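# Survey of secondary and tertiary structure
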Amino acid sequence: MNAIENFLQSKRKVVYVLLLLFCFLPMVTPPVALFTGLVFALVCGEAFPGFTKKSSKYLLQVSVVGLGFGMNLHESLASGREGMVFTVISVVGTLLIGSVLARKLQVDRKTGYLISSGTAICGGSAIAAVGPVIKANDHEMSVSLGAVFILNAVALFLFPVLGHLLELTQQQFGMWAAIAIHDTSSVVGAGAAYGDEALKVATTVKLTRALWIIPVAFVTSFIFKSKSDKVYMPWFIFLFVLAMLANTFLSLPALLTGSMVWLAHKGLTLTLFFIGAGLSRGVLRRVGMRSLMHAVLLWLVIGVSSLAYVWFFC
């Protein structure tokens, strides 16, 4: 085993490129790409960390915009409207419960708040938005991002299995995934694994939920008494809406929209590989048991409560 690890360590960049090319194959799904990236990170460590981080961020945004060309505005509004009330309750409730759990577990206040924000809204994007507002340092950011990314990886594999075991409909699963899974990338990946309708519902509800970044960052500036203007604006969400409007009201060629959606799915697969490749052993060590316990308990709260909601009301 050591001989294999030594070989891979010396050839990690070559292996990284080969695995990246592997993810372009038609049979490679988002969960497989994530698992491939995870195995690489845990065995070989990081390769091209700057490229991996930037690629996962921007490729996700481009892919989400591409998905808009496969959606109808009227259907999407109907899907998003059904979960609006619970979205408001769950965002506020998760932030409050997260703050209480952080104090009980003696998790650093800023780290606890970042994990709570990521769980309540949209994972890494929410943490990236709130971090500068509360003046979080690199350690607090890396711990909270690490905790969220670990649970994202678990959710991508676990949720489709649980959905089938519970016999959730496409609508129910899409709603549940959008509320209970942290990052947009894993929400879209889980939705795609469950079915086309689940993907549409999950994407629409998640992006509606992601808009809460703006009011939460604004309120956070008062809670932490900060006047920082470094707030992440999710502009790709507005481009997603424009793509959906174009697909609904313009007579776009089916070849064009179909190609855009296909490229978006492939971009999502590569995004999941990049995310997996960024979860090195160093990231796992930095998280720590208290922060991970805080993230897991809060995730269970939102996961179980949102499942109960979709089970009885959707």
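Just so you know, the residues in each chain are numbered from 1, in the order the chain's sequence is written. Only residues with pLDDT of at least 70 are given local features in this predicted model, and only at 80 or more are side-chain atom pairs given and counted; all residues enter the totals for whole chains, interfaces and linings. With hydrogens and water excluded, all non-hydrogen atoms of the structure serve as input to the side-chain values.

## Describing the confidence of the model for the chain
The predicted coordinates should not be examined in detail at positions where pLDDT is low. Each residue gets a pLDDT score, which is the predictor's confidence in that residue and runs from 0 to 100. Overall, the prediction assigns the chain a mean pLDDT of 82, with 89% of residues at 70 or greater. The numbering of helices and of strands both runs from the N terminus, where a helix is a DSSP run of H or I of at least 4 residues and a strand a run of E of at least 2. The secondary structure element of the chain with the lowest average pLDDT is helix α1 (residues 2–10), at 59, and the one with the highest is helix α10 (residues 170–180), at 92.

## Regarding the packing of aromatic side chains
Between the rings of Phe, Tyr and Trp (Trp by its six-membered ring), a pair exists once the centres lie within 6.5 Å; its type follows the angle of the planes, with under 30 degrees stacked, over 60 edge-to-face, and the other angles tilted. A complete count under the given rule lists nine aromatic pairs for this structure. Measuring from centroid to centroid gives 5.5 Å for Y16 and F40, while their planes differ by 65 degrees, and the two rings are edge-to-face. Here the residue Y16 occupies a position in helix α2 (residues 12–22), and F40 occupies one in helix α3 (residues 30–44), the gap between them amounting to 24 residues. Pair check on accessibility: Y16 and F40 agree, each one buried. With centroids separated by 6.1 Å and ring planes inclined at 25 degrees, the aromatic side chains of F159 and W299 adopt a geometry described as stacked. Placement of the pair is F159 in helix α9 (residues 138–165) and W299 in helix α17 (residues 289–313), with a sequence separation of 140 residues. Think of it in three bands: residues with accessible area under 20% of the maximum for their type are buried, residues over 50% are exposed, and the middle band is partly exposed, with areas taken using a 1.4 Å probe on protein chains only. Here F159 falls in the buried class, since its relative accessible area comes to 3%.

## Observations regarding the packing of helix α11 (residues 184–194) against helix α12 (residues 196–210)
It is the contact of α11 with α12, at a shortest axis distance of 7 Å, that shows an interaxial angle of 160 degrees. By the angle class used here, α11 and α12 are roughly antiparallel. For the pair α11 and α12, the crossing hand works out as right-handed. The segment α11 lies against α12, with T184, V187, V188, G191, A192 and Y194 engaging A198, L199, A202, T203, K206 and L207. For the contact of α11 with α12, the residue count by class is eight nonpolar, three polar and one charged. Angles here are taken between N-to-C directions and fall from 0 to 180 degrees, while the axes themselves are lines fitted to C-alpha atoms, restricted in helices to the stretch in contact. Should an angle fall under 35 degrees it is taken as roughly parallel, and over 145 as roughly antiparallel, whereas 65 to 115 is taken as roughly perpendicular and any remaining angle as oblique. Each helix crossing is assigned a hand: it is left-handed if the near helix lies turned anticlockwise from the far helix by less than a right angle, otherwise right-handed if that turn is clockwise. Contact definition: two residues touch when any of their heavy atoms are within 4.5 Å. Note on residue categories: nonpolar means Ala, Val, Leu, Ile, Met, Phe, Trp, Tyr, Cys or Pro, charged means Asp, Glu, Lys or Arg, and polar means any other residue, Gly included.

## Description of the environment of F48
Along the chain, the position of F48 falls in the loop between α3 and α4 (49–67). When the C-alpha positions of F48 and Y16 are compared, they lie 8.7 Å apart, and in sequence the two are 32 residues distant. What F48 contacts, discounting residues up to four positions off in sequence, is K13, Y16 and V17.

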